[in-house]
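One-letter residues, chain by chain:
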Amino acid sequence: MLELFQQGLMAIFTVQIFGLVVMGVAVGIVFGAVPGLTAVMAVALCLPMTYGMGAEAGIALLVALYIGATSGGLISAILLKIPGTPASIATTFDGGPMMEKGEGAKALGVAIVFSFLGTIVSIAALIFIAPWLARAALSFGPHEYFSIAIFALTLIATLSTGSMVKGLFSGVAGFAFATVGIAPVDAIRRFTFGQTELNSGFEILTVLVGVFAISEIIGVAESVRHERGVVAGAVNLKAIKGFGFSWREFFGQIPNATRSSVIGIGVGILPGIGAATSNMISYIVAKKRSRHPEKFGTGIIDGLVASETANNAGIGGAMIPLLTLGIPGDGVTAIMLGGFLVHGIQPGPMLFVSQGPLVYTIFAALVVATVVMLVLEFYGLRIFIRLLAIPKHILLPIILVLCVVGAFGLSSRLFDVWTILLFGLIGYGFVKLKVPAGPFILGFILGPMAETNLRRGLMLSDGDFSGFLTNPISGVFLSLAILSVVWHSVQALRAKRVRARRSAI
């Protein structure tokens, strides 16, 4: 393990790849800091740029963007009291009040340091958990993979939104679009309507860019006309020593940071939930466990530590199911899965056997990008603060053009350009109807996996489905899938009854 990690570090510290990591972190911070430009958009937009790169360089760029954008949201959350990304919502609760009290530099220092620590802890968990889980997954067959895919689909459908119906609808819609093209196993054309471009189905990259990037552009463009100019608060960075807080304060936050890291990693491992949930859960838990919960929301570092440690700890957590099972943990890793496939890499347990050096190069890229993030965020704050003032009407057309160029560069055909526009409208419709896009992407990715392994499992069992139930691991995951749906249904009914009682009163 140590030798492979050293080889990975040597690969990262070449001029080309290290330069890409620094650039990726810097661009990611900008996308995280500017409200409306998310980590998902950053990775989706830059994914086409990796086509001409080697696998190591391309994946290193994507993970650097992921780390930079996840942490970058803290800048606007503190300075503007506007979360740059959904992962930084809870950061505004205490970051904004600290800024108003004249403690903006301290708030930024605390958030940056604990973002760094949360990411490092999650990467350590990834390095130690992923190989073990991959070895266990080597014994999985079609029955197990089908059940895991179903379990992942029910999780994202029930936990990513308040409405199970909308979540299930989104997941089924994604599965439906994934059936277009030549079917697995028997190679029958489905829903192509005589269009040869549809024989291979919809490219995963065009779907991802459309649903996440184009829909986001449309939504932000719609709200731009109603926005008023916001000015970032002034922060005197020269007047502070180190990161602006004492060693006593640092060590006093270790229990909070440890608990928040565990929450972030745990939530990150669950497919499709993401850092937007973990930062809120961690903040609520920290408030409940605090000796002075009444101070939360008034400007204390406890809330910053809880939020920023948890949302960044989700990075390593989300990478665990991606690398070991080929199941993305959140929206960003869903796009990264597309990046793996572009380079001919199939994530899963065999990845650790067939391409071990590449896996540890990814681990090394994560570590190096985290260190670069710490340095760039602290010493480059003045630059990032100025970028917050760039008008959206300048940024959005540039991003749209880059998305179109990237789609066309995929296969040099206009069909892919029309595809990203189609899925952009679908994604925008989801936003308007408050339908979560996460289940759609998970359905599009995991649907074929579930279908293929269902057919293979039935072939092994001579058409008898009982094999999926009698297989121990498969049976456990199918049971968990049923329990997750039942649990959410009960919770939804309880919430409905509470609302009915309140309305009656």
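It should be emphasised that the depicted structure is a prediction, and the values quoted were computed from it without experimental measurement. (Residues numbered from 1 in each chain as written. Predicted model: local features only at pLDDT ≥ 70, side-chain atom pairs only at ≥ 80, totals over all residues. Heavy atoms only, no water.)

Trainee: Sorry, what's going on with the overall build of the protein chain here?
Mentor: Along its length, the protein chain carries 22 helices and 2 strands. For the protein chain, contacts bridging at least 24 residues in sequence account for 79% of all contacts bridging at least 6. (Helix = DSSP H or I, 4+ residues; strand = E, 2+ residues; numbered from the N terminus. Contact = heavy atoms within 4.5 Å.)

Trainee: Is there a simple way to think about the packing of aromatic side chains in this case?
Mentor: Think of a pair of aromatic rings as described by two things: how far the centres are apart, and how the planes are tilted against each other in angle. Under the defined criterion, the tally for this structure stands at 18 aromatic pairs. Between Phe 430 and Phe 440 the ring centres are 5.5 Å apart and the planes differ by 70°, which places this aromatic pair in the edge-to-face class. Placement of the pair is Phe 430 in helix α19 (residues 414-433) and Phe 440 in helix α20 (residues 437-460), with a sequence separation of 10 residues. In this structure, Phe 430 and Phe 440 share a single accessibility class: buried. (Phe/Tyr/Trp six-rings, centres within 6.5 Å; stacked < 30°, edge-to-face > 60°. Buried < 20%, exposed > 50% of the residue type's maximum accessible area, 1.4 Å probe, protein only.)

Trainee: Can you walk me through a nonpolar patch on the surface in this structure?
Mentor: Among the surface-exposed residues, Phe 408, Leu 414, Trp 418 and Leu 421 lie close enough to one another that they form a single nonpolar patch of about 430 Å² accessible area. Structurally, Leu 421 can be placed in helix α19. Residue classification places Leu 421 among the partly exposed residues on the basis of a relative accessible area of 31%. (Patch = residues over 30% accessible without salt bridge, like charges linked within 9 Å, V, L, I, M, F, W, Y side chains within 5 Å. Areas by Shrake-Rupley, 256 points an atom, 1.4 Å probe, with all protein chains shown as cover. Salt bridge = Lys/Arg side-chain N within 4 Å of Asp/Glu carboxyl O.)

Trainee: Any chance you could explain the side chain of Ser 115 here in plain terms?
Mentor: Along the polypeptide, Ser 115 turns up in helix α6 (residues 104-137). For Ser 115, a relative accessible area of 0% puts it in the buried group. Engagement of the side chain of Ser 115 in a polar contact is seen with the side chain of Asn 312, the distance being 3.2 Å. In contact with Ser 115, other than residues within four places in its own chain, are Ser 71, Leu 74, Glu 308, Asn 312 and Met 373. (Polar contact = N/O pair within 3.5 Å; in protein donor to acceptor, adjacent residues only side chain to side chain.)

Trainee: What's the story with the environment of Leu 62 in this structure? I'm lost.
Mentor: By the secondary structure assignment, Leu 62 is in helix α4 (residues 55-79). Separated by 16 residues in the primary sequence, Leu 62 and Cys 46 have C-alpha atoms spaced 7.7 Å apart. Once residues within four sequence positions are removed from consideration, Leu 62 is found in contact with Val 43, Leu 47, Thr 50, Met 336 and Gly 339.

Trainee: I keep staring at the pattern of salt bridges and nothing clicks. Help me out?
Mentor: Should the charged atoms of two oppositely charged side chains come close, the side chains can pair. One pass over the structure, following the stated rule, counts 4 salt bridges. The salt bridge involving Glu 249 is made with Lys 106; its shortest N-O contact spans 2.7 Å. Of this pair, Glu 249 sits in helix α10 (residues 247-252) while Lys 106 is found in helix α6, placing the two residues 143 residues apart along the sequence. Between Asp 416 and Arg 413 there is a salt bridge whose closest N-O contact spans 3.1 Å. Residue Asp 416 is classed as buried on the basis of its relative accessible area, which comes to 1%. Among the charged side chains, a salt-bridge network with shared partners connects Arg 190, Glu 451 and Arg 455.

Trainee: Even after reading the chapter, I still don't get the layout of surface pockets, so can you show me in this structure?
Mentor: Within this model, the second largest pocket holds a volume of roughly 1000 Å³. Lining the second largest pocket are 40 residues, and of these Leu 341, Gln 346, Ile 445, Pro 448 and Met 449 lie nearest its centre. Split by residue class, the lining of the second largest pocket holds 25 nonpolar, 11 polar and 4 charged. (1 Å grid on protein atoms, 1.4 Å probe; cavity = no way out; pocket = protein on both sides within 12 Å on 5 of 7 lines; lining within 4 Å. Points joined across faces, edges and corners; volume = space filled by probe spheres on them. Nonpolar A, V, L, I, M, F, W, Y, C, P; charged D, E, K, R; others polar.)

Trainee: Whenever I open this one, the side chain of Thr 370 confuses me. Can you help?
Mentor: Summarising the element assignment, Thr 370 is placed in helix α16 (residues 356-379). Taking relative accessible area as the criterion, Thr 370 reaches 0% and is therefore assigned buried. Those residues in contact with Thr 370 that lie beyond four places of it in its chain are Ile 67, Phe 116, Thr 119, Ile 120 and Ile 123.

Trainee: Looking at this structure, I do not really get the environment of Leu 376. What am I missing?
Mentor: Summarising the element assignment, Leu 376 is placed in helix α16. It is 8.1 Å that separates the C-alpha atoms of Leu 376 and Val 25, two residues lying 351 residues apart in sequence.

Trainee: I'm lost on the nonpolar core in this one. Help?
Mentor: Among soluble globular proteins, nonpolar side chains are generally buried collectively. Judged by nonpolar contacts, the single largest core of 131 residues is most densely connected at Val 21 and Phe 363. When residues of this core are assigned to their parent elements, the largest contribution, 15 residues, is made by α4. Setting aside residues no more than four positions away along its own chain, Phe 363 makes contact with Phe 5, Ile 123, Leu 126, Ile 127, Ala 130, Leu 323 and Phe 352. Residues Ala 286, Phe 296, Ile 300 and Ala 306 belong to the second largest nonpolar core, which totals 6 residues. (Core = buried A, V, L, I, M, F, W, Y, C linked by side-chain atoms within 4.5 Å.)

Trainee: Would you explain α19 in this entry?
Mentor: Every α-helical turn comprises 3.6 residues, leaving residues that sit three or four positions apart pointing alike. Over its 20 residues, α19 extends 29 Å from the first C-alpha to the last, a length consistent with the 28 Å expected when each residue adds 1.5 Å. For α19, the complete set of buried residues consists of Asp 416, Val 417, Thr 419, Ile 420, Phe 423, Gly 424, Ile 426, Gly 427, Tyr 428 and Phe 430. One or two positions beyond α19, positive phi appears at Lys 434, with a value near 60°. (Expected span 1.5 Å × (residues − 1).)

Trainee: Looking at this structure, how should I read the confidence of the model for the protein chain?
Mentor: Taken residue by residue, the protein chain gives an average pLDDT of 80. The fraction at 70 or more is 88%. When mean pLDDT is compared element by element in the protein chain, helix α2 (residues 15-33) scores highest at 90, while helix α17 (residues 381-387) scores lowest at 66. (pLDDT = per-residue confidence, 0-100.)

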